[in-house]
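# Structural features, examined
Chain by chain, the residues:
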Amino acid sequence: MVLKLYNTLTRKKENFKPLKDKKVGLYTCGPTVYNYAHIGNLRTYLFEDFLKRVLQYNKYQINHVMNITDVGHLTSDSDTGEDKLEKGAKRENKSVWEIAEFYTKEFKKDIRKLNILPPNLWCKATDHIKEQVNLIKKLEKKGFTYQTPDGVYFNTSKLKNYGKLAKLKIKDLKAGARTAVRDKKNPTDFALWKFSPKDKKRSMEWESPWGVGFPGWHLECSAMSMKYLGETFDIHCGGIDHIPVHHTNEIAQSVGATGKQPVKYWVHGEFLTLGKERMGKSESNFITISTLEEKGFYPLDYRYLSLTTHYRKKLSFDWDNLKSARNALEKLKARIIEIKNSKTSKGSTKEYEKKFLDYINDDLNIPKSLALTWKMLKDSKLGSKQKYKLILKFDEILGLDLDKIKESSIPSEIKKLAQEREKYRKQKNYAKADEIRNKIKEKGFILEDTKQGIKIKKNS
Ligand code: AMP
Ligand code: ZN
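Residues numbered from 1 in each chain as written. Chains lettered and ligands numbered in written order. Predicted model: local features only at pLDDT ≥ 70, side-chain atom pairs only at ≥ 80, totals over all residues. Heavy atoms only, no water.

### Details of the coordination of the zinc ion (ligand 2)
Let me state the cut-off plainly: With water excluded from the atoms, a metal site may look incomplete; its donors are any N, O or S atoms within 2.8 Å, or within 3.2 Å for Na, K and Ca. Every helix listed is a DSSP run of H or I at least four residues long, and every strand listed is a run of E at least two residues long, numbered separately from the N terminus. To sort residues, take the accessible area from a 1.4 Å probe on protein chains only and compare it with the maximum for the residue type: under 20% means buried, over 50% means exposed, and anything in between is partly exposed.
Donor atoms from the polypeptide that bind the zinc ion (ligand 2) are Cys29 (SG), Cys221 (SG) and His246 (NE2), placed at 2.0 to 2.2 Å. Positions of the donor residues of the zinc ion (ligand 2) along the chain correspond to the pattern C-x191-C-x24-H. One end of the pair, Cys221, is in helix α6 (residues 217-229); the other, His246, is in helix α7 (residues 243-258), and 25 residues separate them in sequence. Exposure class is identical for Cys221 and His246. Each is buried.

See the structure below:
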């Protein structure tokens, strides 16, 4: 089955066909490095990783570029508020450069822990000021810009089809936004260049033909994707919040400058929520990879959880969901140890391989491919040799390190229960200790009190 992807631009699942042979140019909006990434942000990077792995599975050669936003992203997406990096610097009493460097490193650590494949190229906004200024010059020449006391703005009324990606109703926006317009000509106009405040020196500012200041947030992605992937490339991704503003404005800048649509397929991931609320850095409800680790989870437990919900559906996070994901992953590992040790050989895996490919190629239906993985492992018509070989192939998509499982691995949940039982035994609370021993037995493990201490064994 040919790979199908849901394209936000057309609101349809489309057959994927790269611009050139089997080569794919992929741009994914990277983190704004003023704080740790929360697991909501990381859900987006995980979905992009699934996409990459599916492309690789289909033998495409990917050139993946990810930016690091280290300047220009203001606390409000409508060009007002504080620069997020400056805010982070104040909070931690450090320079903006130190903040950017620290959180970039932390981000890279997080994605490594989640087995997210790194891009071919990382690029920082502050390393590409020249390219951004040149892009504004191009837009100025073509009559798309105007200046206000606050900066250089993009005049969205000059572009036919502005807002097509988000299906924005420009007339309604104009009617509703009279008071919020300030010096802007249209409510949807956005900053290309912001001037530094007259009375204060910013730590990040540059000379430009229009005055000292810094680039608007959307500009970096147009300038850098153009530089590294060309004026038109295959896939651009991000979270759904980017559709109405950030990506809409990226399209405006690129179409304005080149007259061409920059991207063939726009692919967006849904939110991770906490209860009904979106998880956000500025809200106090943010959970990081360290939070998970402090509570005794492994980062890959979270990866497993994100495999269970399709990327275009909301994923509501709670600790019970994560516990279930952890249990499932532990069970999967235990099952793999079993099949690795047994060498029975029978049956053909062809049908499973075909179905797996059909699912992942159907707009990345990873949850279905995961369910199929379990079905395959339970199939008595297949030998363990066939199962082991196939699960390692499936793991090219799942990314759960299933080839690295050690023989002796006892699930952390069981180890914890055993410790708890030991505590009760020491307190001579034998009723409670026995209760936990039975619970462990129900989960398929037995405890043996030996002279050397407690031994945990799989109940065969
Ligand atoms: P930022 O670091 O704020 O620029 O965001 C990085 C990425 O995380 C962007 O692609 C956002 O769309 C995405 N994102 C932000 N909040 C969430 C969330 N709650 N769930 C999923 N993705 C999110
Ligand atoms: Zn971007």
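### Quick word on the environment of Trp193
Relative to the helices and strands, Trp193 resides in strand β8 (residues 190-195). Through-space distance from the C-alpha of Trp193 to that of Lys439 is 62 Å; in sequence the pair is 246 residues apart.

### Digging into the pairing of strand β2 (residues 12-15)
Stated formally: At least two bridges found by DSSP between two strands are what make those strands a pair.
As defined by bridge partners, strand β1 (residues 4-7) adjoins β2 across 4 bridges and the pair is classed as antiparallel. In the sheet register, Tyr6 faces β2, and the bridge partner there is Lys13. Hairpin connection from β1 to β2: 4 residues lie between these consecutive antiparallel strands, with Arg11 at a positive phi of about 55°.

### Side note on the site of ligand 1
The line we're drawing: Here a residue counts as near a molecule or strand whenever at least one of its heavy atoms sits within 4 Å of it. Between N or O atoms, a polar contact is any pair within 3.5 Å; within protein, one atom must be a potential hydrogen donor and the other a potential acceptor, and residues adjacent in sequence are included only when both atoms are from side chains. In short, Shrake-Rupley with a 1.4 Å probe defines the accessible areas, and a residue's cover is counted only from the protein chains shown. Residues are grouped as follows: Ala, Val, Leu, Ile, Met, Phe, Trp, Tyr, Cys and Pro are nonpolar; Asp, Glu, Lys and Arg are charged; all remaining types, including Gly, are polar. For every domain, the bounds stem from an assignment made automatically or drawn from a database.
Near ligand 1 there are 19 residues, and of these Gly40, Thr44, Asp241, Leu272 and Met279 occur at the shortest range. One of the side-chain nitrogen or oxygen atoms of Thr32 is found 3.0 Å away from an oxygen atom of ligand 1. One of the side-chain nitrogen or oxygen atoms of Asn41 is found 3.0 Å away from an oxygen atom of ligand 1. For ligand 1, whose unbound accessible area comes to 490 Å², protein coverage reaches 96%. Where the shell around ligand 1 is concerned, the elements lending two or more residues are α1 (39-57) and β10 (233-239). Ranked by the residues each element gives to the shell around ligand 1, the list is headed by α1, at 4 residues. When the residues that make up the shell around ligand 1 are grouped by side-chain class, the tally is 5 nonpolar, 10 polar and 4 charged. Counting the residues that make up the shell around ligand 1, at least three belong to each of domain 1 (4-269) and domain 2 (274-404).

### Focus: the packing of aromatic side chains
Let me state the cut-off plainly: Any pair of Phe, Tyr and Trp rings, taking the six-membered ring for Trp, is counted once the centres come within 6.5 Å. Such a pair is stacked with planes under 30 degrees apart, edge-to-face with planes over 60 apart, and tilted for the rest. Any Lys NZ or Arg CZ that is within 6 Å of a ring centre and within 35 degrees of that ring's normal is treated as a charge sitting over the ring.
Under the criterion given, the structure shown has 17 aromatic pairs. Here Phe16 and Tyr265 contribute two aromatic rings whose centre-to-centre distance is 5.0 Å and whose plane-to-plane angle is 55°, an arrangement assigned as tilted. Here the residue Phe16 occupies a position in the loop between β2 and β3 (23-28), and Tyr265 occupies one in strand β11 (residues 263-269), the gap between them amounting to 249 residues. We classify Phe16 as buried; its relative accessible area is 3%. With a centroid separation of 6.2 Å and 85° between ring planes, the pair formed by Phe107 and Trp122 is classed as edge-to-face. Pair noted here: Phe107 is in helix α3 (residues 96-113) and Trp122 is in strand β5 (residues 121-124), with a separation of 15 residues, a long-range link. Ring pairs connect the aromatic residues Phe16, Tyr60 and Tyr265, which therefore count as one cluster. Over the face of the ring belonging to Tyr146 we find Lys185, whose NZ or CZ atom lies 4.6 Å from the ring centre. Cation over ring: Arg312 sits above Tyr6, and NZ or CZ is 3.9 Å from the ring centre.

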